[in-house]
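As a plain string of letters, each chain reads:
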Amino acid sequence: LEDMGQFTALDELSTLYNSAKNHQRALELAQRALEIHERIKGANNPGGGYLVARMARELSRLQPGAADAMFQRAEPLVKASPDGSDWPEFLVYRAWYELDRGDRTRAEQDAQQSEELSQAAAARSRQGEANPRIAHSLVGVGDVYVELGKLAEAESAYAQALKIFDAVRGGDYHWVGESHQRLAEVYRRQQSFDKARAQAQAAVEL
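If you're wondering where the values come from, they're calculated on a predicted model, not measured in any experiment. (Residues numbered from 1 in each chain as written. Predicted model: local features only at pLDDT ≥ 70, side-chain atom pairs only at ≥ 80, totals over all residues. Heavy atoms only, no water.)

Student: Run through the overall build of the protein, naming residues and quoting values.
Tutor: Within the protein one finds eleven helices and zero strands. For the protein, the N- to C-terminal ordering of α and β elements is α-α-α-α-α-α-α-α-α-α-α. Taking 17 Å as the expected radius of gyration for a compact globule of 206 residues, we find that the protein reaches 17 Å, a close match to that expectation. If one aligns the C-alpha atoms of the protein with their principal axes, the spans along those axes are about 55 × 35 × 35 Å. Within the protein, counting contacts between residues at least 6 apart in sequence, those at least 24 apart form 57% of the total. Accessible surface, the protein as shown: approximately 10,600 Å² in total, 48% of it carbon and sulfur. Charged side chains in the protein number 25 positive and 31 negative. The centres of these two groups are separated by 1 Å. (Helix = DSSP H or I, 4+ residues; strand = E, 2+ residues; numbered from the N terminus. Rg over C-alpha atoms; globule rule 2.2 N^0.38 Å. Contact = heavy atoms within 4.5 Å. Areas by Shrake-Rupley, 256 points an atom, 1.4 Å probe, with all protein chains shown as cover. Lys, Arg positive; Asp, Glu negative; His and termini not counted. Charge placed at Lys NZ, Arg CZ, Asp CG, Glu CD.)

Student: Which residues make up the layout of surface pockets, and what values do they have?
Tutor: Taken as a whole, the largest pocket encloses approximately 1,100 Å³ of empty space. Those elements giving two or more residues to the lining of the largest pocket turn out to be helix H1 (2-19), helix H3 (49-62), helix H5 (86-101), helix H8 (132-148) and helix H10 (174-189). Ranked by residues supplied to the lining of the largest pocket, first place goes to H8 with seven residues. The class makeup of the residues in the lining of the largest pocket is nine nonpolar, ten polar and twelve charged. (1 Å grid on protein atoms, 1.4 Å probe; cavity = no way out; pocket = protein on both sides within 12 Å on 5 of 7 lines; lining within 4 Å. Points joined across faces, edges and corners; volume = space filled by probe spheres on them. Nonpolar A, V, L, I, M, F, W, Y, C, P; charged D, E, K, R; others polar.)

Student: Now, about the environment of Glu-116: what can you tell me, with residues and values included?
Tutor: Along the polypeptide, Glu-116 turns up in helix H6 (residues 104-124). Accessibility expressed as a relative area gives 52% for Glu-116, which makes it exposed. With 59 residues separating them along the chain, Glu-116 and Trp-175 place their C-alpha atoms 21 Å apart. (Buried < 20%, exposed > 50% of the residue type's maximum accessible area, 1.4 Å probe, protein only.)

Student: How would you summarise the nonpolar core if you had to cite specific residues and measurements?
Tutor: In this structure, Tyr-158 and Phe-165 are the most contacted members of the largest nonpolar core, which totals 30 residues. Of all the secondary-structure elements, those providing two or more residues to this core are H5, H6, H8, helix H9 (151-169) and H10. Once you skip the residues sitting within four places of it in the chain, Tyr-158 turns out to touch Val-139, Gly-142, Asp-143, Val-146, Arg-182, Leu-183 and Val-186. Leu-51, Ala-56, Leu-59 and Tyr-97 belong to the second-largest nonpolar core, a separate cluster that totals 26 residues. (Core = buried A, V, L, I, M, F, W, Y, C linked by side-chain atoms within 4.5 Å.)

Student: Outline empty space enclosed by the protein, supporting the account with residue identities and numerical values.
Tutor: Applying the stated rule across the entire model yields one cavity of 30 Å³ or more. What the largest cavity holds in volume is close to 30 Å³. Considering the residues around the largest cavity, the lining is formed by Leu-34, His-37, Glu-38, Gly-42, Asn-44, Asn-45, Gly-48, Gly-49, Val-52 and Leu-77. Listed by contribution, the elements that provide at least two residues to the lining of the largest cavity are helix H2 (23-41) and H3. The biggest single contributor to the lining of the largest cavity is H2, with three residues.

Student: Can you break down the confidence of the model for the protein residue by residue, with the values?
Tutor: Chain-level statistics for the protein give a pLDDT mean of 91 and a share of 95% at 70 or above. Helix H11 (residues 193-205) holds the highest mean pLDDT among the elements of the protein, 96, whereas helix H7 (residues 126-129) holds the lowest, 53. (pLDDT = per-residue confidence, 0-100.)

Written out as structure tokens, the structure reads:
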């Protein structure tokens with residue numbers, strides 16, 4: 001029980017440090033959480049794959065040369081994970097890694113696959129439709145599409161994320177505002193200024 005309590009705290013703290021852009025601390029805490037998970041569940045248990053994927057993403061920012069091996073370690077775990085949100089989340093992380101390395105083709109392929117898997121997970125069950133991590137992955141997909149200049153695809157991904165966030169948390173959830181803000185930027189780039197203003201206003205109100 002003590003281990004599980006520590007694991008939960010470390011996992012959540014890692015996520016918070018990531019949001020605060022303290023990537024070194026996020027990496028350290030994810031590693032500690034993974035060590036506890038492996039001690040309880042055993043090494044290479046698929047349930048810890050999302051932590052390995054998170055570590056790979058942090059390494060891609062901090063030590064790009066070490067990230068590739070971590071992505072390779074994470075891939076079979078997240079594919080085998082019972083949590084349907086792990087694999088699409090991993091693909092978003094890897095898409096950014098490919099973008100950083102200049103491989104826009106592979107980044108787009110990963111983003112497309114992540115979006116397809118997220119849609120399938122959302123449609124497969126009521127739990128999938130209400131899983132905020134699936135929506136987070138769709139926001140990440142939208143961000144990758146914006147970086148690639150594919151604004152129509154980004155708009156679709158953000159809109160899908162908003163639908164799930166609304167189902168999970170209601171209109172005041174933090175990421176609802178973030179998604180409105182991103183949609184506003186997409187519409188601004190498309191010169192659809194009335195739509196952009198409406199989305200920006202929704203973000204401001206939240």
